[in-house]
Amino acid sequence: MGKIIAVTNQKGGVGKTTTAVNLCACLAERGKKTLLVDADPQGNASSGSGVQAGEKSLYEVLLGIATAEKCVAVSDTENMSVLPSDIRLAAAEVELVGLERREYRMRAALRPLAERYDYIIIDCPPSLGLLTVNALTAANSVLIPIQCEYYALEGVRSLMDTISRVKRGLNPALDVEGVLLTMFDGRTNLSLQVVAQVKKHFKSKVFATTVPRNVRLGEAPSHALPINRYDPRSTGAEAYRSLAREVLARNGERVK
């Protein structure tokens, strides 16, 4: 049974989609069968992976129009598939409200796929609405990217409250996979202060890997490629390879 990890932070611009795409690709690079689920109506995870939603997307899946199996697209990255989305998914937030078991729609959709993949990574929207609740209900764990900038922990309390509510009422097994520090610049006191602050708050849940500010990471999506294919030797690629190793190790897998 594959592990489902939701990548979420309702604060925008923290590297959430970058992390979802590149963690998925770097796990695939290590031979793991991976599925990237784009649960953000912006569809950036889809386009950044070289996949377009077309007529088959997460929107159709959540509304019961199509099965997830029929909507999954194989990407050009070996071992990596994508369940894409586009702006139509924004309507699902409203349309789901009147449906039965609305919080469980994504869990029900992904369950048949869990045995086909080693890791399923969900890129959540930058909000704590029904799409994010669906992702948290479907997931085994949550990965939280936090940028090394002023007000880094702003809004994290609301996110942790949402995770706690989902755990109490919808998904008792939900755990925090880890906290990832992004946009790190070791030359600035601010980045070092944020690292210390986040480690004090989350302790052992903070990944040893930090993702640096890296121009190549910003360029990769415009070429519809994950960073390990766009520039395999960049510091960004090395950071996400390191994160993939940590995720594997935290899940009891041997890492060479």
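Everything below is about the structure printed above this text.
Computed from a predicted model, the values in this text were never measured in an experiment.

What counts, and at which threshold
Residues numbered from 1 in each chain as written. Predicted model: local features only at pLDDT ≥ 70, side-chain atom pairs only at ≥ 80, totals over all residues. Heavy atoms only, no water. Helix = DSSP H or I, 4+ residues; strand = E, 2+ residues; numbered from the N terminus. Rg over C-alpha atoms; globule rule 2.2 N^0.38 Å. Buried < 20%, exposed > 50% of the residue type's maximum accessible area, 1.4 Å probe, protein only. Areas by Shrake-Rupley, 256 points an atom, 1.4 Å probe, with all protein chains shown as cover. Lys, Arg positive; Asp, Glu negative; His and termini not counted. Charge placed at Lys NZ, Arg CZ, Asp CG, Glu CD. Core = buried A, V, L, I, M, F, W, Y, C linked by side-chain atoms within 4.5 Å. Contact = heavy atoms within 4.5 Å. 1 Å grid on protein atoms, 1.4 Å probe; cavity = no way out; pocket = protein on both sides within 12 Å on 5 of 7 lines; lining within 4 Å. Points joined across faces, edges and corners; volume = space filled by probe spheres on them. Nonpolar A, V, L, I, M, F, W, Y, C, P; charged D, E, K, R; others polar. Salt bridge = Lys/Arg side-chain N within 4 Å of Asp/Glu carboxyl O.

For the protein, the helix and strand inventory stands at 12 helices and eight strands. Computed over its C-alpha atoms, the radius of gyration of the protein comes to 17 Å, within 12% of the 18 Å expected for a compact globule of 256 residues. Across the 256 residues that make up the protein, the buried fraction comes to 53%. As presented, the protein carries roughly 11600 Å² of accessible surface, and 50% of it is formed by carbon and sulfur atoms. When the 33 basic and 27 acidic side-chain charges of the protein are each reduced to a single mean position, those positions are 6 Å apart.

Next up on the list: the nonpolar core. Residues L58, L83, M106, L110 and I122 are the most contacted members of the largest nonpolar core, which totals 52 residues. Counting residues per element, this core draws most heavily on helix α7 (residues 130–138), which supplies six residues. The contact partners of L58, leaving out residues within four places of it in the chain, are V37, D38, A39, L83, P84, S85, L89 and M106. Membership of the second largest hydrophobic core comes to 32 residues, among which are C24, L36, Y230 and A244.

Bringing the layout of surface pockets into the picture now. Its boundaries defined by the atoms lining it, the largest pocket holds a volume of some 500 Å³. Contributing to the lining of the largest pocket are 30 residues, with G15, K16, T17, T18 and M183 lying nearest its centre. Mapped by element, the contributors of at least two residues to the lining of the largest pocket are α1 (16–29), α2 (44–48), β7 (175–184), β8 (206–212) and α10 (215–219). The greatest single-element share of the lining of the largest pocket, amounting to five residues, is contributed by α1. Of the residues contributing to the lining of the largest pocket, the split by class is 13 nonpolar, 13 polar and four charged. For the second largest pocket, the calculated volume is near 210 Å³. As for the second largest pocket, its lining consists of 13 residues, and the residues nearest its centre are I4, R107, R111, A138 and N140. Going through the elements one at a time, α6 (105–110) and α7 are the ones with two or more residues in the lining of the second largest pocket.

What follows concerns the pattern of salt bridges. Two side chains carrying opposite charge are able to pair once their charged atoms lie near each other. Applying the stated criterion across every chain yields a total of 15 salt bridges. For R88, the salt bridge identified is with E60, shortest N-O distance 2.8 Å. Of the two residues, R88 sits in the loop between β4 (80–83) and α5 (89–95) while E60 sits in helix α3 (residues 58–62), which places them 28 residues apart along the sequence. Classification of E60 as buried rests on a relative accessible area of 8%. In this structure, a network of salt bridges that share partners links the residues K16, D40 and D123.

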